[in-house]
Amino acid sequence: MGEKIVVKVGTSTLTYENGRLNFRRMENLCKVLCDLQNRGNKLLLVSSGAIAVGMGKLALPERPVETKQLQALAAVGQCELMFMYDKFFGEYNHTVAQILLTKHVVETEPKQNNVINTVETLLNMNILPIVNENDTVAIDEMPGENFGDNDMLSAMVAEMIHADRLIILSDIDGLYDKNPRQYSDARLITNISRIDESVFKMAADGAGSKRGTGGMKTKLSAAQYVTQSGITCSIINGKRPENLYDIIDNKCIGTTFTASGK
Ligand code: GLU
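Note that the structure is predicted; figures quoted are calculated from it, not measured.

A.B. asks: Sorry if this is basic, but what is going on with the overall build of the protein here?
C.D. replies: Assigned secondary structure in the protein consists of 10 helices and eight strands. The C-alpha radius of gyration of the protein comes to 17 Å, within 12% of the 18 Å expected for a compact globule of 262 residues. With respect to the three principal axes, the spread of C-alpha positions in the protein is 45 × 40 × 40 Å. For the protein, the exposed area adds up to about 12200 Å²; of that, 49% sits on carbon and sulfur atoms. Side-chain charges of the protein comprise 28 positive and 31 negative groups, with the mean position of each set lying 4 Å from the other.

A.B. asks: Explain the pattern of salt bridges here, please?
C.D. replies: In the structure shown here, the tally under the stated rule is 15 salt bridges. Taking the shortest distance from any N to any O, the salt bridge between Lys219 and Asp151 comes out at 3.3 Å. Placement of Lys219 in helix H9 (residues 216–228) and of Asp151 in helix H7 (residues 150–160) is noted, with a sequence separation of 68 residues between them. Owing to a relative accessible area of 8%, Lys219 belongs among the buried residues under this scheme. Ionic pairing is found between Asp196 and Arg194, a salt bridge with its closest N-O pair at 3.6 Å. Taking relative accessible area as the criterion, Asp196 reaches 26% and is therefore assigned partly exposed.

A.B. asks: Would you take a moment to explain the pairing of strand S4 (residues 128–133) for this structure?
C.D. replies: Residues in a regular strand project their side chains so that they alternate between the two faces of the sheet. Counted residue by residue, S4 has six buried out of six residues, so it is predominantly covered. Burial along S4 is two-sided: Leu128, Ile130 and Asn132 facing one way and Pro129, Val131 and Glu133 facing the other are all buried. Relative to S4, strand S2 (residues 42–47) runs parallel, the two sharing two bridges. Bridge assignment links Leu45 to a residue of S4, and that residue is Ile130.

A.B. asks: Is there a simple way to explain the nonpolar core in this structure?
C.D. replies: Considering soluble globular proteins, one finds that nonpolar side chains tend to be buried as a cluster. Ranked by internal contacts, the top residues of the largest apolar core, which has 46 residues, are Val6, Leu44, Leu101, Val131, Leu166, Leu175 and Phe257. The element that contributes the greatest number of residues to this core is H7, accounting for six residues. With near-sequence residues (within four places) excluded, Val131 lies in contact with Leu44, Leu45, Val46, Ser47, Ile99, Leu101, Leu153 and Val157. Counting 31 residues, the second largest nonpolar core, distinct from the first, contains Leu14, Leu21, Tyr85 and Ile247.

A.B. asks: Mind showing me how you'd approach the sheet that holds S4 here?
C.D. replies: The mixed open sheet is built from eight strands, whose spatial order is S3-S4-S2-S1-S5-S7-S8-S6. Sheet topology places strand S3 (96–101) and strand S6 (191–192) at the edges, where each strand pairs with a single neighbour. The strands touched by H7 are strand S1 (4–9), S2, S3, S4 and strand S5 (165–170); relative to S4, the strand with the most contacts, the crossing angle is about 135°. Most of the contacts of H9 go to strand S7 (residues 232–237), to which it runs at about 155°, and overall it touches S1, S5, S7 and strand S8 (255–257).

A.B. asks: Quick question: what am I supposed to make of the packing of aromatic side chains here?
C.D. replies: Aromatic rings considered in pairs are described by the distance between their centres and by the relative angle of their planes. Enumeration over the complete set of coordinates arrives at two aromatic pairs. Centre to centre, the rings of Phe23 and Phe88 are 6.2 Å apart; their planes meet at 70°, and the pair counts as edge-to-face. Here Phe88 lies in helix H4 (residues 67–91) and Phe23 lies in helix H2 (residues 23–38), a separation of 65 residues in the sequence. Classification of Phe23 by relative accessible area gives partly exposed; the value is 41%. Taken together, a centroid distance of 6.3 Å and an interplanar angle of 45° make the contact between Tyr85 and Phe89 tilted. One end of the pair is Tyr85 and the other is Phe89, both in helix H4 and four residues apart, which spans about a single turn. When its relative accessible area of 0% is taken as the criterion, Phe89 is described as buried. Sitting over the face of the ring of Tyr183, Lys178 holds its NZ or CZ atom 5.3 Å from the ring centroid.

Thresholds, definitions, all that
Residues numbered from 1 in each chain as written. Predicted model: local features only at pLDDT ≥ 70, side-chain atom pairs only at ≥ 80, totals over all residues. Heavy atoms only, no water. Helix = DSSP H or I, 4+ residues; strand = E, 2+ residues; numbered from the N terminus. Rg over C-alpha atoms; globule rule 2.2 N^0.38 Å. Areas by Shrake-Rupley, 256 points an atom, 1.4 Å probe, with all protein chains shown as cover. Lys, Arg positive; Asp, Glu negative; His and termini not counted. Charge placed at Lys NZ, Arg CZ, Asp CG, Glu CD. Salt bridge = Lys/Arg side-chain N within 4 Å of Asp/Glu carboxyl O. Buried < 20%, exposed > 50% of the residue type's maximum accessible area, 1.4 Å probe, protein only. Pairing = 2+ DSSP bridges. Core = buried A, V, L, I, M, F, W, Y, C linked by side-chain atoms within 4.5 Å. Contact = heavy atoms within 4.5 Å. Axes fitted to C-alpha atoms, helices over the stretch in contact; angles between N-to-C directions. Phe/Tyr/Trp six-rings, centres within 6.5 Å; stacked < 30°, edge-to-face > 60°. Lys NZ or Arg CZ within 6 Å of the ring centre and 35° of its normal.

Below, the structure written as structure tokens:
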């Protein structure tokens, strides 16, 4: 039986600077995910991109700051995003399903159980659930009310469905000992067994791109969360979706955080 894997893909991997979808990369990612399903893996994809794709679709020159505008854009972009996923997966005769979550749902037991039951049913039918935060109802201004970024959402989902692995696709190769965008001698760290303050210090500050939220620190928090639950986490470059084969075959790419107790 193949592993149960949560893959997280961010806005900067899926879209161009103008918010339009990078079809070549998205199509390639969908093909690799279909192939991994054919190999016997059970996959769940956590996908960002709704807000950026909404911006691209409405040709907005920059990201608005007002919450209600962001929520409106997410409502537009989520449709487009799922439409394209449905189309690309459909080309390989695979089926996807949309699941939009809020922190409240994930943290409230009866609701959480409904989500788990739905996901398990979909996985048993070989359907790939695509999860995003339900941005139109998650209220940004209230601390603790939303995930804020999909890195932590992917970690909580991985824990909830007892995944074997979480793979976070990033726009860089993994965790470097210092910011590789500033220092040419930055070194990629391939394996980490304990995520402590010294590891967080290595993470470059802030969001990795103008379009997404997140950044390396939120990825480390996600890795810390899942590894404590016995789930292995890897951060790899999403520009080449075939990297997923390598990491699942335990080849040494990206940064892998060993699960506690493994
Ligand atoms: N849920 C947001 C979106 O789909 C993205 C959050 C994130 O960038 O992590 O646009």
